[in-house]
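Descriptive structure summary
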Amino acid sequence: MKASRLQAVCALLVLTMTAAPPCRSSEGSAVRILSVGEVCTESFQAFGGDVPRSGDKWSLLYEMVGQPGRVGVRIVSLVVTGKQAAMCNAAEISYQGANAGSEKPIAIIKNLEDMRSDAIATVAVGVKLTPGKMGHTNWRIRNNSYRLIGAYEKRSEKMRAGGETTGSHYRFELETAGKRWVMCRQWMDADGQIPAPVVVWAGDINGDGKLDLLLEEGNEHGSWWTLYVSNPNGLFPVPVSTTSWGDWPGGPMDPA
């Protein structure tokens, strides 16, 4: 990745809604996501009234240490501490009651409706998506089966017009009930400097028996997360929060 680690974290944390999604959020507010650790406070300018402050209540998505795939959600109280950083004004995001010996924070989420403070069904944590080696992404949530597919895609004139000039191009699709939906497209340069997407977490975050997932994507400027939550009107998840910057020319891909 050409950006520094801190730049990547900053990009990852600027999470806003780009459109009103079919999925509901509590009180009609945009779904927000934080990562535990150092962040640039400039990343919070799009959060509006949801700028994280010490004492705020957010939902923690976490994995139990030593128990892969055992994931839960609980309410935590944020601790936000000012910090010196070389590249930007920074803050350290943590939370009260952290138990470093028994849990590994995945994400801290606010305004997502129907999240339950309990153990949740999980099918993947920290899975790197490598085209051609996707057999591990066949998932089942209750009676619904899902398959994540990665395939090489030749550059079209539309892609070239959108700014893609070098490297390989991959399309990642989610398949269920005989239909496919394009989740993202990814450019990888000849030196492999832009990594493949990563499924930060996948499972059922709201107990409706359908797939939800948190996806990390990246480009030469950094990385960002998009949270997809099951659509109440169909099997495919819809994005309820995504970064407002860092996207490649042409913007995020629409469902196919």
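Note: the structure precedes this text.
Residues numbered from 1 in each chain as written. Predicted model: local features only at pLDDT ≥ 70, side-chain atom pairs only at ≥ 80, totals over all residues. Heavy atoms only, no water.

**Re the overall build of the chain**
Put simply, the test is: Here a helix means four or more residues in a row that DSSP labels H or I, a strand means two or more in a row labelled E, and each is numbered from the N terminus. Only protein chains enter the accessibility calculation, which uses a 1.4 Å probe; a residue is then buried when its area is under 20% of its type maximum, exposed when over 50%, and partly exposed in between.
For the chain, the count of helices and strands is two helices and 17 strands. Sorting the 256 residues of the chain into buried and exposed places 50% on the buried side.

**Let's talk about the packing of aromatic side chains**
The cut-off we apply is this: Aromatic rings from Phe, Tyr and Trp, with only the six-membered ring used for Trp, were paired whenever their centres fell within 6.5 Å, and each pair was classed as stacked if the ring planes differed by under 30 degrees, edge-to-face if by over 60, and tilted otherwise. In this analysis the charged atom, NZ for Lys or CZ for Arg, is taken to sit over a ring once it is within 6 Å of the ring centre and within 35 degrees of the ring normal.
Taken as a whole and judged by the stated rule, the model has four aromatic pairs. On the numbers, 5.6 Å between centres and 65° between planes, the contact of phenylalanine 44 with phenylalanine 47 is edge-to-face. Comparing phenylalanine 44 with phenylalanine 47 shows no difference in burial state: the two are buried. Aromatic pair tryptophan 181 and phenylalanine 236: ring centres 6.2 Å apart, planes at 35°, arrangement tilted. Taken as a pair, tryptophan 181 in strand E13 (residues 179–188) and phenylalanine 236 in the loop between strand E16 (222–230) and strand E17 (237–243) lie far apart in primary sequence, 55 residues in all. With respect to burial, tryptophan 181 and phenylalanine 236 carry one shared label: buried. Pairwise contacts between aromatic rings join Trp181, Tyr228 and Phe236 into one cluster. In this arrangement the basic side chain of arginine 32 is found over the ring face of phenylalanine 47, its NZ or CZ atom lying 5.3 Å from the centre. Cation over ring: arginine 74 sits above tyrosine 62, and NZ or CZ is 6.0 Å from the ring centre.

**Describing the pattern of salt bridges**
Which entries qualify depends on this criterion: The term salt bridge refers to a side-chain nitrogen of Lys or Arg lying within 4 Å of a carboxyl oxygen of Asp or Glu.
If you walk through the whole model with that rule in mind, you get nine salt bridges. Here glutamate 173 makes a salt bridge to arginine 180, at a shortest N to O gap of 3.3 Å. On the basis of relative accessible area, glutamate 173 is assigned to the buried category, the value being 10%. One connected set of salt bridges, linked through shared partners, spans Arg147, Arg171, Glu173, Glu175 and Arg180.

**Digging into the nonpolar core**
Rules: Nonpolar cores were defined as sets of buried Ala, Val, Leu, Ile, Met, Phe, Trp, Tyr and Cys residues, with membership established by side-chain atoms within 4.5 Å. Any pair of residues with heavy atoms lying within 4.5 Å of one another is described as a contacting pair.
Leu129, Trp139, Leu148, Leu174, Val199 and Leu211 are the most contacted members of the largest nonpolar core, which totals 21 residues. Of all the secondary-structure elements, those providing two or more residues to this core are strand E9 (122–128), strand E10 (138–141), strand E11 (144–152), strand E12 (168–176), E13, strand E14 (198–203) and strand E15 (212–219). Leave out the neighbours within four places in its chain, and leucine 174 touches Tyr146, Arg147, Leu148, Lys179, Arg180, Trp181, Met183, Leu211, Phe236 and Pro237. Counting residues in hydrophobic clusters, the runner-up holds 20 residues, among them Ala107, Val200, Leu214 and Val238.

**Side note on the state of the cysteines**
As a reminder, the rule being used: A pair of cysteine sulfur atoms is labelled a disulfide when the two atoms are within 2.5 Å.
Per the counting criterion, the structure on display carries one disulfide. Bridging cysteine 40 to cysteine 88, the disulfide has an S-S length of 2.2 Å. Its S-S torsion of approximately -85° makes the covalent link between cysteine 40 and cysteine 88 left-handed. Here cysteine 40, found in strand E3 (residues 37–40), pairs with cysteine 88, found in the loop between strand E5 (71–83) and strand E6 (90–95); they are 48 residues apart in sequence, far enough to count as distant. Like cysteine 88, cysteine 40 is buried.

**Quick word on unusual backbone geometry**
A positive phi is found at asparagine 111, a non-glycine position, where the angle reads about 75°. Within the secondary structure, asparagine 111 sits in the loop between strand E7 (103–110) and strand E8 (119–120). Even without a glycine there, the phi angle at aspartate 114 is positive, about 75°. Relative to the elements of secondary structure, aspartate 114 occurs in the loop between E7 and E8. Of the residues examined, aspartate 114 reaches a relative accessible area of 42% and is grouped as partly exposed.

**Re the environment of leucine 34**
Here leucine 34 lies in strand E2 (residues 32–34). Overall, leucine 34 belongs to the buried group, its relative accessible area being 0%. Each C-alpha atom of the pair leucine 34 and serine 94 lies 9.9 Å from the other, and the pair is 60 residues apart in sequence.

**Re the environment of alanine 121**
Locating alanine 121 in the fold gives a position in the loop between E8 and E9. Sequence spacing of alanine 121 and glycine 207 is 86 residues, and the spatial spacing of their C-alpha atoms is 8.1 Å. Those residues in contact with alanine 121 that lie beyond four places of it in its chain are Trp201, Gly203 and Asp204.

Spatial relationships are all this shows, so hold off on functional conclusions.
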